[in-house]
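# A structural walkthrough
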Amino acid sequence: MIRRWLQYAVFLGLLLPLAGRAENNCPWLNEATAAGALSGPVTLTVQSTADEGTICLFQGMQTAANSSLQIEIHPVKDVAQAFPVYKARCSSQTTVLRAIGNEAIQCGAGTKSVQAEQVIGRVREKVFLVTISSTLEHHSTMKKEALQEKTRNIAEQVAGALF
Amino acid sequence: MKTILMRLIFVAAVAVAVFCAFVVSIQAGSDESMERKEYAAKVRAKYNFHFGTDKPFIPGSISVEGDDFIQPGAFPDAKYCAHCHQEAYSQWRQALHSNAFRTPFYRTSVNILINTKGIEFARHCDSCHNPVAVLAGGLTQNSQVDRKFDQDGLTCMTCHSVQSLKSTDGNAGAVMGVPSVMVDEDGKRIPGEVPYNEILKHTDRHSQAVMKGFYRTPEFCAACHKANLPNPLNDYKFLRAFTAFDEWQTSKFSKRNPLTFYSGDFTTCQGCHMKRAPNALPDYGAKNGTLASHRWLAGNTAVPFYYGFDEQLQKTIEFLRSNNYLNVDIFALRKAGSEQMIAPLGSVPFAIEPNNLLEALVVIQNKNIGHSLIPEVRDLYEAWVEFTVKDAQGKDIYHSGFIKPDGMLDERAHSFTNRPVNENGEFVDNHKVWTIHSVAYDNSVQAGRSTLVRYEFRIPADVKGTVTITAKVNYRHFRQSYLNNVFGKDHPDYPVVEIASRTRTLNIGENQPVAPEQNDNPDWMRWNNLGISLLDQVQYADAVYAFNEVIKLRPDYADGYTNISLTTAEWEKYGSARASIQKALQIDPNNARALYYAALLERRAGNTDAELADLQSVVQQYPESRDARRELGISYYRLHHYDEALQQFETLQKIDPDDVTAHYNLSILYKRMGMADKAAEQQALFITKKFDPGAPTYSLDFLRQHPEISNESIPWHMHTDQSHSVTSNGQGAQ
């Protein structure tokens, strides 16, 4: 009897991962578009933040490089106070962008080993950060200008979804 | 012998080469169609076929050759086209078509639909705003379509791939071909991009692939500039959303409507919105140094303002102010307590004194627009009359139609807008069109018609010098509350453009006639426009008076008598109506407009032969007249000439697929002729398209709760800041 219950428990335990697997979608960008930006297939993880925000992380599955596209969305109560805090994340000079969200800036977000570009913007009371990074700096699709353009395009997509 | 052998070898080699080329081309074509098949199969596996597996793009009407999904890569990028068409590309990039999807003004409302009902319902909107997304199967949950094409909206190869139109139903009623920029020697379309040098070698074959004669017709524009809200979208019934095409068709510019108040030269949509202009950038499509504009200049100042497309913005403003589209006429003054009008103002002497309570009659004529003011999504756009009375120092005596500090328009302004409401009688804000059940009022001015706006103000008792009155028609794209919905309240002020205006300076004391200004209408037309306005405001006696003034000035003007006739007919004074129409026909016996109204009077009098003859003459002169076809169909029906009646209503349905009278009569006629299936089809269409008798209750609920709007909904309302009290004998305000 106990052995049978144990068998049932093992069987149910094997099923649990299937039962617990939820849809893992980014509300503002689909995997295909992210894959297009990163020039290859991607995996996606979605997580919530303490301020009721969401982070979507698309990671490129190419073995030759680490590429990623991260989208962060944060609701804010006081835009005038909160937005500058996010803008301070820039690691380089900022460029004001026209026609992305209510307002947006573009800047670098990279380090010595990883180059990255980001757009930080806002749609009404939601701040968004779009960051594309890559270790494949010598590839034409991941040079600085290309990264900047990709980040702007994705930021426009994200802003459009937020409107 | 050797020579013959060499020749044989040569011929064989050529044959092999040709055969290989043939196989390669077949293979390429097969590769393309195989790619599409594989793509479509992948999409179909996860697509939401909510509206049926045979209707993948409903509630939109778009379809594509092959009747299957098509990969977005099949559409050449606009930058590919830009290699040879730099001017067209440059204009298109700043214009509305390329930005049709990505603008926040569109995304805000379509996102609400997606989040409320589901992305599959957005196929209705995106069939016109982003057809590539729809045809690629992108509008489904968890779509795996790379959406990088979104920023191009209506890209070059969406319009230039349309192979045919599906009547004039609208809602993207077009059949897209597999995009092709070149046909082969046999005229067969080659899918995808072709090397530029190949195109340049065979520009005729390039034109054959990307141009069709019907691209230059209004019916092409109607594919998207005509829209309805079908039952699958709103779970209610068919509702007309907008139709710039039908409005054009009933305007003087179409030459298809005998009933217009004025005549004009034939002008298509493209004639106004794609005028040829010199090209600043190289463009192989230019002819004699000019290119048909791909800016499609119209009223949208918001998109170029948001994107910083300064050239487009400037040209849009110039366009709005050009061409005498509207005429603003401060037509008359009337002193309180007097029935007498001082009119036409500027043409007659008059006197005003301090403390006079005056009524100003301002006539706004939609003079040269080929559709209504405001067309299309008028619940979001804002055109209004700003009326000011100032003293000699420029101080306001009266001001209606001002913009408040928060950017909102004065609620009591005369606005050429409408108010769609839902089943709870609430204003449908944010363009949630799927909730619309009725329209509480609609102050748009149809092409060729006029509207009368009344203002009341008091000249101050201590006024000195002159008084200046100005009436302007202003336009803002979009209304402030919609901009606030899109951006929140912290956004810059969006442009307000003055389209037309008129100012008159009045002396306190005696005023003599003054010379007309350049854009002023002649006096007979001023009276005529007043008459038209009063007719639309159901003020029949005053309308007849105005039309009689026209005849005094132009006794040879047949339309003057016709206008009196149609007014008195509406007033149910049929004797007068008959007398006037006879006078019109004496002046111009073959006048189609007069014959039409004569026919209706003949019908009333039971003179069937005359009725029939008149309508047949009208149809002969204007074969695409909806009204003539409809009435002739009714005439035949009443005579039991069912075959002839059927012919008229079927023709009417070709002109306007949504005509409710056609559906109704065809359902009866088909049934009588034993065509049960067709009868049932027409009956179903009639039921969904006919007016909902419950709809006015939603409108009334809204108007009850909004007195400032309910005033606007009364055609003969007055704009005033004067308080009025009811006299003891109950005569009402004086």
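Going by the structure above, here's the rest.
Counting restarts for each chain, with residues numbered from 1 along the sequence as it is written. All chains are assigned letters beginning with A, and all ligands numbers beginning with 1, in the order in which they are written. Reporting of local features is limited, given that this is a predicted model, to residues whose pLDDT is at least 70; pairs of side-chain atoms are given and counted only at 80 or more, and all residues count toward the totals for whole chains, interfaces and linings. Side-chain metrics in this entry use all non-hydrogen atoms of the structure; hydrogen atoms and water are not considered.

## Side note on the overall build of chain B
If you tally the helices and strands in chain B, you get 28 helices and 23 strands. Based on C-alpha atoms, the radius of gyration is set beside the globule rule, defined as 2.2 Å times the residue count to the power 0.38. Since a compact globule built from 734 residues should have a radius of gyration of about 27 Å, the 30 Å found for chain B is in line with a globular shape. Over its C-alpha atoms, taken along the principal directions, chain B stretches across nearly 115 × 65 × 55 Å. Accessible area is worked out with a 1.4 Å probe on protein chains only. A residue is then buried under 20% of its type maximum, exposed over 50%, and partly exposed in between. Split into buried and exposed, the 734 residues of chain B put 54% on the buried side. Working definition: helices are DSSP H or I runs of at least four residues, strands are E runs of at least two. Numbering for both runs from the N terminus.

## What to know about helix H27 (residues 695-705) of chain B
Residue and element names in this part refer to chain B. When we look at burial in H27, the residues that qualify are Ala 695, Tyr 698, Ser 699, Phe 702 and Leu 703. Within H27, the buried residues cover an arc of 130 degrees as seen down the axis, which keeps them to one side. Facing away from the buried side of H27 by more than 90 degrees, the exposed set consists of Arg 704 and Gln 705. When checking whether two residues touch, look at their non-hydrogen atoms; a contact exists if any pair is within 4.5 Å. Looking at the buried side of H27, the elements it contacts are strand E17 (418-421), strand E18 (438-442) and helix H28 (707-713). The directions from the helix axis to the C-beta atoms are what the arc is built from.

## Quick look at the sheet that holds strand E4 (residues 95-97) of chain A
All names here are of chain A. Two strands qualify as a pair provided DSSP detects at least 2 bridges between them. The antiparallel open sheet is built from seven strands, whose spatial order is E1-E2-E3-E7-E6-E5-E4. Taken across any chain shown, the strands that pair with only one partner, and hence form the sheet edges, are strand E1 (42-48) and E4. Adjacent strand axes in the sheet meet at a mean angle of 15 degrees, parallel and antiparallel pairs treated alike. Bridge count between strand E2 (residues 54-60) and strand E3 (residues 67-75): six bridges; the pairing is antiparallel. Residue pairing across strands places Gln 59 opposite Ser 68, the latter belonging to E3. Orientation is described by lines fitted to C-alpha atoms, with helices fitted over the stretch in contact, and by angles between N-to-C directions that extend from 0 to 180 degrees.

## Considerations on the packing of aromatic side chains
Residues and elements named next belong to chain B. The pairing test for Phe, Tyr and Trp rings, Trp by its six-membered ring, is centres within 6.5 Å, and the orientation test on the planes gives stacked under 30 degrees, edge-to-face over 60, and tilted for anything in between. Tallied over the entire structure, the rule returns 39 aromatic pairs over all chains. Taken together, a centroid distance of 5.9 Å and an interplanar angle of 65 degrees make the contact between Phe 214 and Phe 220 edge-to-face. Relative to Tyr 494, the ring of Phe 487 lies with its centre 6.1 Å away and its plane at 20 degrees, an arrangement referred to as stacked. Geometrically, a lysine NZ or arginine CZ counts as sitting over a ring once it is within 6 Å of the ring centre and also within 35 degrees of the ring normal. Sitting above the plane of the Phe 427 ring, Arg 419 keeps its charged end 4.8 Å from the centroid.

## Some remarks on the nonpolar core
Here, nonpolar core means buried Ala, Val, Leu, Ile, Met, Phe, Trp, Tyr and Cys residues that are tied together by side-chain atoms lying within 4.5 Å of each other. Counting 89 residues, the largest nonpolar core has Phe58(A), Leu69(A), Ile71(A), Phe128(A), Phe105(B) and Phe387(B) as the members making the most contacts within it. Looking at this core element by element, the count peaks at six residues for helix H4 (residues 144-162) of chain A. Excluding anything up to four places from it in sequence, Leu69(A) contacts Leu29(A), Ala34(A), Ala37(A), Leu38(A), Cys56(A), Leu57(A), Phe58(A), Thr131(A), Ile132(A) and Ile154(A). Residues Ala133(B), Met176(B), Ile199(B) and Leu239(B) belong to the second largest nonpolar core, which totals 68 residues.

## Overview of empty space enclosed by the protein
Only protein atoms enter the 1 Å grid used here. Points where a 1.4 Å probe fits but cannot escape make up a cavity, open sets with protein on both sides within 12 Å along at least five of seven lines make up a pocket, and a residue lines them when an atom lies within 4 Å of a point. Grid points are joined across faces, edges and corners, and a volume is the space filled by probe spheres set on the points. Evaluation of the coordinates by the stated rule reveals three cavities of 30 Å³ or more. Considered as a void within the structure, the largest cavity measures approximately 50 Å³ in volume. Taken together, Ala99(A), Ile100(A), Gly101(A), Glu156(A), Ala159(A), Gly160(A), Phe163(A), Arg102(B), Pro104(B), Tyr306(B) and Tyr307(B) make up the full set of residues lining the largest cavity. Secondary-structure elements contributing two or more residues to the lining of the largest cavity are H4 of chain A together with helix H14 (302-307) of chain B. The element that contributes the greatest number of residues to the lining of the largest cavity is H4(A), accounting for three residues. Partitioning the lining of the largest cavity into residue classes produces seven nonpolar, two polar and two charged. Polarity classes work like this: nonpolar for Ala, Val, Leu, Ile, Met, Phe, Trp, Tyr, Cys and Pro, charged for Asp, Glu, Lys and Arg, and polar for all others, with Gly in that last group.

## A short note on the interface of chain A and chain B
With 22 residues of chain A in contact, the opposing surface of chain B contributes 24 residues. When two parts are brought into contact, each loses some accessible area as probed by a 1.4 Å sphere; the total of that loss over both is the buried area. Together chain A and chain B conceal approximately 1700 Å² of surface at their shared face, both sides included; 38% is due to carbon and sulfur atoms. The largest contributions to the chain A side of the interface with chain B come from Arg98(A), Glu156(A) and Phe163(A), which together make up 30% of the buried area. Whenever Lys or Arg places a side-chain nitrogen within 4 Å of a carboxyl oxygen from Asp or Glu, that contact is recorded as a salt bridge. At the surface where chain A touches chain B, the tally comes to two salt bridges. Distance and chemistry together define a polar contact, namely a pair of N or O atoms within 3.5 Å, with one atom able to donate a hydrogen and the other to accept it when in protein, and with adjacent residues in sequence counting only for side-chain atoms on both sides. Put simply, chain A and chain B have 17 residue pairs in polar contact (both at pLDDT 80 or more) between them. Every element with two or more residues in the side of chain A that touches chain B is listed here: helix H2 (31-38) and H4 of chain A. Per-element accounting of the side of chain A that touches chain B gives the leading share, seven residues, to H4(A).

## Concerning the side chain of Asp410(B)
Residues and elements named next belong to chain B. By the secondary structure assignment, Asp 410 is in the loop between strand E15 (396-400) and strand E16 (414-415). Among the polar contacts made by the side chain of Asp 410, one reaches the main-chain amide nitrogen of Gly 401 at a distance of 2.9 Å. There is a polar contact of 3.0 Å between the side chain of Asp 410 and the backbone nitrogen of Arg 412.

## A look at the sheet that holds strand E11 (residues 341-342) of chain B
Residues and elements named next belong to chain B. With mixed pairing, five strands are arranged side by side in an open sheet as E11-E10-E13-E19-E23. Each end of this open sheet is capped by a strand with a single partner; those strands are E11 and strand E23 (718-720). As defined by bridge partners, strand E10 (residues 326-335) adjoins E11 across two bridges and the pair is classed as antiparallel. Across the sheet, residue Leu 333 finds its bridge partner in E11, namely Ile 342. Where helix H17 (residues 523-536) meets the sheet, it contacts E10, E11, strand E13 (357-366) and strand E19 (450-458), and its direction lies at approximately 90 degrees from that of E19.

## Structural notes on the packing of helix H25 (residues 660-672) of chain B against helix H26 (residues 676-689) of chain B
All names here are of chain B. With their axes 8 Å apart at the nearest point, H25 and H26 run at an angle of 150 degrees to one another. It follows from the interaxial angle that H25 and H26 lie roughly antiparallel. Note that H25 runs across H26; the crossing there is left-handed. Across the interface between the two elements, Val 660, Ala 662, His 663, Tyr 664, Leu 666, Ser 667, Tyr 670 and Lys 671 from H25 touch Lys 678, Ala 679, Gln 682, Gln 683, Leu 685, Phe 686 and Lys 689 from H26. In terms of residue class, the contact of H25 with H26 is built from eight nonpolar, four polar and three charged. Put simply, angles under 35 degrees are roughly parallel, angles over 145 are roughly antiparallel, angles from 65 to 115 are roughly perpendicular, and the rest are oblique. Crossings are classed by handedness, with left-handed meaning an anticlockwise turn of the near helix from the far one by less than a right angle and right-handed meaning a clockwise turn.

## Things to note about the state of the cysteines
We call a pair of cysteine sulfur atoms a disulfide whenever their separation is within 2.5 Å. Evaluation of the coordinates by the stated rule reveals three disulfides over all chains. Put simply, Cys26(A) and Cys56(A) are joined by a disulfide, and their sulfur atoms are 2.2 Å apart. For the disulfide bridge between Cys26(A) and Cys56(A), the dihedral angle about the S-S bond is near 95 degrees, and by the sign convention the bridge is right-handed. Here the residue Cys26(A) occupies a position in the loop between helix H1 (2-20) and H2, and Cys56(A) occupies one in strand E2, the gap between them amounting to 30 residues. Like Cys56(A), Cys26(A) is buried. In this model Cys128(B) forms its disulfide with Cys224(B); the gap between the sulfur atoms is 2.1 Å. For the disulfide bridge between Cys128(B) and Cys224(B), the dihedral angle about the S-S bond is near -100 degrees, and by the sign convention the bridge is left-handed. A residue pair is termed long-range when its members are at least 10 positions apart, and Cys128(B) in helix H5 (residues 123-129) and Cys224(B) in the loop between helix H10 (218-222) and strand E6 (226-229) qualify at 96 residues. On the accessibility criterion, Cys128(B) (13% relative accessible area) is buried. By relative accessible area, which is 26% here, Cys224(B) ends up partly exposed. With its bonded cysteines labelled in order along the sequence, chain A shows the pairing 1-2, 3-4. Not engaged in a disulfide, the cysteine Cys221(B) finds its nearest cysteine sulfur in Cys269(B); these two sulfurs lie 4.0 Å apart.

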